[in-house]
Amino acid sequence: MSRFKYSAGPWNVNTGADSYGPATRDEIPLEEKIKKFAELGFSAVQFHDDDAVPNINDLSEGDIKNEARKLKAVLDKYNMAAEFVAPRLWFNPRTADGGYMSSSNQDREYAMWRSYRSIDIANELGCDLIVLWLAREGTLCAESKSPIWATKRLVESIDKMLEYDKKIRIAIEPKPNEPIDRSLCGTIGHALAISAATIDPSRVGGNVESAHAVLAGLDATNEMGFALAFDKLFTVHLNDQNSIRFDQDKVFGVENLRSSFNQIKLLCENDYGKNGEYVGLDVKAMRTTKNEDRYKHLENSLKIAKALEDKAMRFDYEFQKKCVENRDFEALEMYVMNLLMGLV
Ligand code: XLS
Ligand code: MG
């Protein structure tokens, strides 16, 4: 039995296409993914605006709400909740130079249109959380925009969302680079500074993704802990990452098991989920994975997360206290290794 409610996104089950080659697996209809997520033990689905409402750019505001309502019926059929909606601001030609930080007024307006529609969709799906993964917010050419100007545009855009809907909450998902060269909001510290500058900081927090923290050269547990210290960890994206390179979204725990354990332990210790937060996974299958195995990475991530929950429950806090008093961190570290290796 898990103490958490887990969620996954439809993009977590993809075709395997990457920047270097075409699909290696078939596309799966959304309803089939939702059904399978429910079977695997997930409680909620994470959505991009256009996962929820395909062809969103061609539809009117009314039609978008109608489509979202249809999706809500599908979610209800499988007893699944929607966790959040994230405007996918990195795919459209109008966001080539970013969304909220684009140098073009018109393109910034388009980014706001997508953000308002995401809020409308969230309302129809019965969730109050918008995730902003700021994919193209920053610079490709360092001299192309002022970081001060761009940062202020982000605050302004979030303020507009907060004004548009008095209940909606925003979780910034920081990432230091990729696809942008230099992000302007690369860590949870940046996200919380942005939060503090908005008209309602209580409704702006973060979504810490394990892999993104690694890409920033930081520790995912401490990033999550930093947000928790200010009640700002609105959600998490658990996954794993082999050092500082392209974003890998690996199965949770397969690269940095000790860090993954500490992430789960932190969430357990702080009663994460008490305000309804989900433990989100954001994992990708390897490109080599065949059609018949295309949910395995999600299944495995869930198994590992739950196994680490068990380990966290068994953590010997008395022993830890003694080690800290004696400043015997060698013993403490070895205890953690033994725990993870199944030797205690
Ligand atoms: C990509 C992000 C993305 C967000 C949702 O790196 O992790 O998947 O979580 O927009
Ligand atoms: Mg993510």
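The sections below set out a description of the structure shown in this document.

What counts and what doesn't
Residues numbered from 1 in each chain as written. Chains lettered and ligands numbered in written order. Predicted model: local features only at pLDDT ≥ 70, side-chain atom pairs only at ≥ 80, totals over all residues. Heavy atoms only, no water. Helix = DSSP H or I, 4+ residues; strand = E, 2+ residues; numbered from the N terminus. Rg over C-alpha atoms; globule rule 2.2 N^0.38 Å. Buried < 20%, exposed > 50% of the residue type's maximum accessible area, 1.4 Å probe, protein only. Contact = heavy atoms within 4.5 Å. Lys, Arg positive; Asp, Glu negative; His and termini not counted. Charge placed at Lys NZ, Arg CZ, Asp CG, Glu CD. 1 Å grid on protein atoms, 1.4 Å probe; cavity = no way out; pocket = protein on both sides within 12 Å on 5 of 7 lines; lining within 4 Å. Points joined across faces, edges and corners; volume = space filled by probe spheres on them. Near = heavy atom within 4 Å. Polar contact = N/O pair within 3.5 Å; in protein donor to acceptor, adjacent residues only side chain to side chain. Areas by Shrake-Rupley, 256 points an atom, 1.4 Å probe, with all protein chains shown as cover. Nonpolar A, V, L, I, M, F, W, Y, C, P; charged D, E, K, R; others polar. Donors = N, O, S within 2.8 Å, 3.2 Å for Na, K, Ca; no water. Salt bridge = Lys/Arg side-chain N within 4 Å of Asp/Glu carboxyl O. Axes fitted to C-alpha atoms, helices over the stretch in contact; angles between N-to-C directions. Parallel < 35°, antiparallel > 145°, perpendicular 65-115°, else oblique. Core = buried A, V, L, I, M, F, W, Y, C linked by side-chain atoms within 4.5 Å.

## Considerations on the overall build of the protein
Helix and strand content of the protein: twelve helices and ten strands. For 344 residues, the compact-globule estimate of 2.2 N^0.38 gives 20 Å, and the protein sits close to it at 20 Å. Overall, the protein is about 60 × 45 × 40 Å in size when its C-alpha atoms are taken along their principal axes. Across the 344 residues in the protein, those meeting the buried criterion constitute 53%. Within the protein, contacts between residues at least 6 apart in sequence are counted, and of these 77% link residues at least 24 apart. For the protein, the distance from the average site of its 45 positive side-chain charges to the average site of its 54 negative ones is 1 Å.

## Points about empty space enclosed by the protein
One pass over the full model with this rule turns up three cavities of 30 Å³ or more. Estimates place the volume of the largest cavity at around 60 Å³. Around the largest cavity sit Pro87, Leu89, Trp90, Gly98, Gly99, Tyr100, Leu132, Trp133, Leu134, Ala135, Arg136 and Glu137, which together line it. Space inside the second largest cavity adds up to approximately 50 Å³. Contributing elements (two or more residues each) for the lining of the second largest cavity: strand E8 (204-209) and helix H7 (210-215).

## Describing the site of ligand 1
The environment of ligand 1 is formed by Trp11, His48, Trp90, Trp133, Glu173, Lys175, Glu209, His212, His237, Asp247 and Asp282. Between ligand 1 and the protein, one listed contact pairs an oxygen atom with a side-chain N or O atom of Asp282 at 2.7 Å. Here ligand 1 loses 94% of its free accessible area of 290 Å² to cover by the protein chains. Taken together, the residues that form the shell around ligand 1 break down as three nonpolar, three polar and five charged.

## A word on the layout of surface pockets
As a volume, the second largest pocket reaches approximately 340 Å³. Lining the second largest pocket we find 20 residues, and of these Arg169, Leu233, Phe234, Asn275 and Glu277 sit closest to its centre. Of all the secondary-structure elements, those providing two or more residues to the lining of the second largest pocket are strand E3 (81-86) and strand E9 (233-238).

## Looking at the coordination of the magnesium ion (ligand 2)
Around the magnesium ion (ligand 2), the donor atoms from the protein are Glu173 (OE), Glu209 (OE), His237 (ND1) and Asp282 (OD), and they sit 1.9 to 2.2 Å away. For the magnesium ion (ligand 2), all donor residues lie on one chain, and their spacing in sequence is E-x35-E-x27-H-x44-D. In this pair, Glu173 is assigned in strand E6 (residues 169-173) and Glu209 in strand E8, connecting sequence segments 36 residues apart. The class for Glu173 is buried, based on a relative accessible area of 5%.

## Some remarks on the pattern of salt bridges
Between side chains of opposite charge, pairing is possible as soon as their charged atoms come close. What the rule picks out here adds up to 27 salt bridges. Residues Asp120 and Arg117 are paired through a salt bridge, measuring 3.0 Å at the closest nitrogen-oxygen approach. Taken as a pair, Asp120 and Arg117 lie in helix H4 (residues 105-125) at a separation of three residues, close to a single helical turn. Here the two residues Asp120 and Arg117 agree in accessibility, since each one is buried.

## Points about the packing of helix H11 (residues 317-325) against helix H12 (residues 329-341)
Packed helix pairs are characterised by how far apart their axes lie and by the angle those axes make with each other. It is the contact of H11 with H12, at a shortest axis distance of 8 Å, that shows an interaxial angle of 155°. Judged by the inter-axis angle, H11 sits roughly antiparallel to H12. Only Phe329, Ala331, Leu332 and Tyr335 of H12 make contact with H11, whose side of the interface consists of Phe319, Gln320, Cys323 and Val324. Looking at the contact of H11 with H12 residue by residue, the classes come out as seven nonpolar, one polar and no charged.

## Some thoughts on the nonpolar core
Counting 82 residues, the largest nonpolar core has Phe42, Ile158 and Leu298 as the members making the most contacts within it. Counting residues per element, this core draws most heavily on H4, at seven residues. Leave out the neighbours within four places in its chain, and Leu298 touches Ala8, Asn12, Val13, Phe37, Leu40, Phe42, Leu281 and Val283. In this structure, Phe84, Ala86, Leu129 and Phe234 belong to the second largest nonpolar core, which totals seven residues.

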